[in-house]
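Results of the structural survey
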Amino acid sequence: AQSVAQPEDQVNVAEGNPLTVKCTYSVSGNPYLFWYVQYPNRGLQFLLKYITGDNLVKGSYGFEAEFNKSQTSFHLKKPSALVSDSALYFCAGTQAGTALIFGKGTTLSVSS
Amino acid sequence: DTGVSQNPRHKITKRGQNVTFRCDPISEHNRLYWYRQTLGQGPEFLTYFQNEAQLEKSRLLSDRFSAERPKGSFSTLEIQRTEQGDSAMYLCASSPNRVYYGYTFGSGTRLTVV
């Protein structure tokens, strides 16, 4: 069965420091991988995706993610965190033709 | 058309009552998805439509749940004989025909069963 795991419930980082939110996947075939962000009482907003090609993908608000096939990982990164980045982040994956499967989410807290 | 619209935003109902939620997707999107999200969990897939055809249903979708998408436009999700365990955020999303475009989510309907 397909699955997506986010091993950290919470990540704390100081403003201006780099941040990493981890994601590993178990998807057969060639995976399509996504990151979404959710603010309180809001729907999920798309950040970035990996479909094929370059392993480093860039997305909205300065976020990027690195696809690593050997480690089956797709970690979300940002060089310099902002307080406004504090939110709930979801990794999701699928193979062609099936619905997205989401991880349980990681709460990012950026302190000033 | 600026996004996916869900109504109502909040619904409080008594146990045993039926409830219906509506989702209006982005007009040019063929696919429409329903997910359920509980506190501390990621969205769990319930079902999806391509145009008016319901192509996949999760095992989470018990017999009390039914979804429709008449004419391939808006969709409704009905829960019959609600239980307290049905309390959750119900999210709708839509996408073009290929999954690699990603989904656009609505703001969700929060259901509370008392």
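Up top is the structure these notes are about.
Everything in this summary refers to the structure shown in the same document.

What counts and how
Here the residue numbers are simple positions, counted from 1 along each chain's written sequence. Key to labels: chains lettered from A, ligands numbered from 1, both in the order written. pLDDT decides what is reported in this predicted model: residues at 70 or higher carry local features, side-chain atom pairs at 80 or more are listed and counted, and totals for whole chains, interfaces and linings draw on all residues regardless. Side-chain metrics in this entry use all non-hydrogen atoms of the structure; hydrogen atoms and water are not considered. For helices the rule is a DSSP run of H or I covering at least 4 residues; for strands it is a run of E covering at least 2, with both sets numbered from the N terminus onward. Using C-alpha atoms as the atom set, the radius of gyration is obtained and then compared with a globule rule of 2.2 Å times the number of residues to the power 0.38. Exposure categories follow from relative accessible area, calculated using a 1.4 Å probe and restricted to protein chains: below 20% of the type maximum is buried, above 50% is exposed, and the middle band is partly exposed. The contact rule is simple, with two residues in contact once any of their heavy atoms fall within 4.5 Å. The protein chains shown are the only cover counted for residues, whose accessible areas, like all others here, come from Shrake-Rupley with a 1.4 Å probe. Charge assignment: positive for Lys and Arg, negative for Asp and Glu; neither His nor the chain ends contribute. Just so you know, the charge point we use is NZ for Lys, CZ for Arg, CG for Asp and CD for Glu. One side-chain nitrogen of Lys or Arg within 4 Å of one carboxyl oxygen of Asp or Glu is enough to make a salt bridge. Using a 1.4 Å probe, buried area is obtained as the accessible area two parts lose upon being combined, added over both of them. As used in this structure description, the phrase polar contact means that two N or O atoms lie within 3.5 Å; if the pair is within protein, one of them must be able to donate a hydrogen and the other to accept it, and residues adjacent in sequence are counted only when both atoms belong to side chains. Only Asp, Glu, Lys and Arg are considered charged in this grouping, and only Ala, Val, Leu, Ile, Met, Phe, Trp, Tyr, Cys and Pro are considered nonpolar; every other residue, Gly among them, is considered polar. Only the six-membered ring of Trp is used, alongside the rings of Phe and Tyr, when aromatic pairs are assigned; centres must lie within 6.5 Å, and planes under 30 degrees apart are stacked while those over 60 apart are edge-to-face, with the rest tilted. A positively charged side chain is recorded as over a ring if its NZ (Lys) or CZ (Arg) lies within 6 Å of the ring centre. The angle to the ring normal must also be within 35 degrees. Note on disulfides: each one is a pair of cysteine sulfur atoms within 2.5 Å.

Right, let's get into the overall build of chain B. A count of helices and strands for chain B gives zero helices and eleven strands. For chain B, the succession of helices and strands along the chain, N to C, is β-β-β-β-β-β-β-β-β-β-β. Radius of gyration (C-alpha) of chain B: 13 Å, near the 13 Å computed for a compact globule of 114 residues. Along the longest, intermediate and shortest principal axes, the C-alpha atoms of chain B span 40 × 25 × 25 Å. Residue burial in chain B is summarised as follows: out of 114 residues, 46% are buried. The long-range fraction of contacts in chain B, counting pairs at least 24 apart against all pairs at least 6 apart in sequence, stands at 53%. Put simply, chain B shows about 5,800 Å² of open surface, and 43% of that area lies on carbon and sulfur atoms. Charge centroids of chain B, computed over 15 positive and 11 negative side chains, lie 4 Å from each other.

Looking now at the pattern of salt bridges. Residues and elements named next belong to chain A. Enumeration according to the criterion identifies seven salt bridges over all chains in this entry. We note a salt bridge from D9 to K104, for which the minimum N-O separation is 3.1 Å. Placement of D9 in the loop between β1 (3-5) and β2 (10-14) and of K104 in the loop between β11 (101-102) and β12 (106-111) is noted, with a sequence separation of 95 residues between them. Given a relative accessible area of 37%, K104 falls into the partly exposed group. One salt bridge connects K58 with E64, and the closest N-O pair in it is separated by 2.9 Å. Classification of K58 by relative accessible area gives exposed; the value is 63%.

Let us now look at the interface of chain B and chain A. Counting residues at the interface gives 21 residues for chain B, matched by 21 residues for chain A. For the pairing of chain B and chain A, the buried interface totals around 1,600 Å² over both sides, and the portion due to carbon and sulfur atoms is 57%. Connecting chain B to chain A are zero salt bridges. On the surface where chain B and chain A come into contact, there are four residue pairs in polar contact (both at pLDDT 80 or more). At three residues, strand β4 (residues 31-37) of chain B tops the list of elements feeding residues into the side of chain B that touches chain A. Class assignment for the residues of the side of chain B that touches chain A results in eleven nonpolar, seven polar and three charged.

On inspection of all chains with the given rule, the structure shows 20 aromatic pairs over all chains. Ring geometry for Y35 of chain B versus F105 of chain B: centroids 6.0 Å apart, planes at 55 degrees, classification tilted. With Y35 of chain B in strand β4 and F105 of chain B in strand β10 (residues 104-105), the pair connects residues that are 70 residues apart, well separated along the chain. Neither residue differs from the other here; Y35 of chain B and F105 of chain B are each classed as buried. Taking 6.2 Å as the distance between ring centres and 45 degrees as the angle between the ring planes, the aromatic pair formed by Y103 of chain B and F105 of chain B counts as tilted. F105 of chain B sits in the buried class, given a relative accessible area of 8%. Here K78 of chain A stacks its cationic end above the ring of F63 of chain A, 5.0 Å away from the centre of that ring. Its guanidinium or amino end placed over the ring of F74 of chain B, R22 of chain B lies 3.9 Å from that ring's centre, counting from NZ or CZ.

With that out of the way, let us pick up the state of the cysteines. All names here are of chain A. One pass over the full model with this rule turns up two disulfides over all chains. Paired through a disulfide, C23 and C91 show a sulfur-sulfur distance of 2.0 Å. The sign of the S-S torsion, about -65 degrees, decides the handedness of the disulfide formed by C23 and C91: left-handed. Of the two residues, C23 sits in the loop between β3 (19-21) and β4 (24-26) while C91 sits in strand β10 (residues 87-94), which places them 68 residues apart along the sequence. Grouping residues by exposure puts C23 and C91 together as buried.

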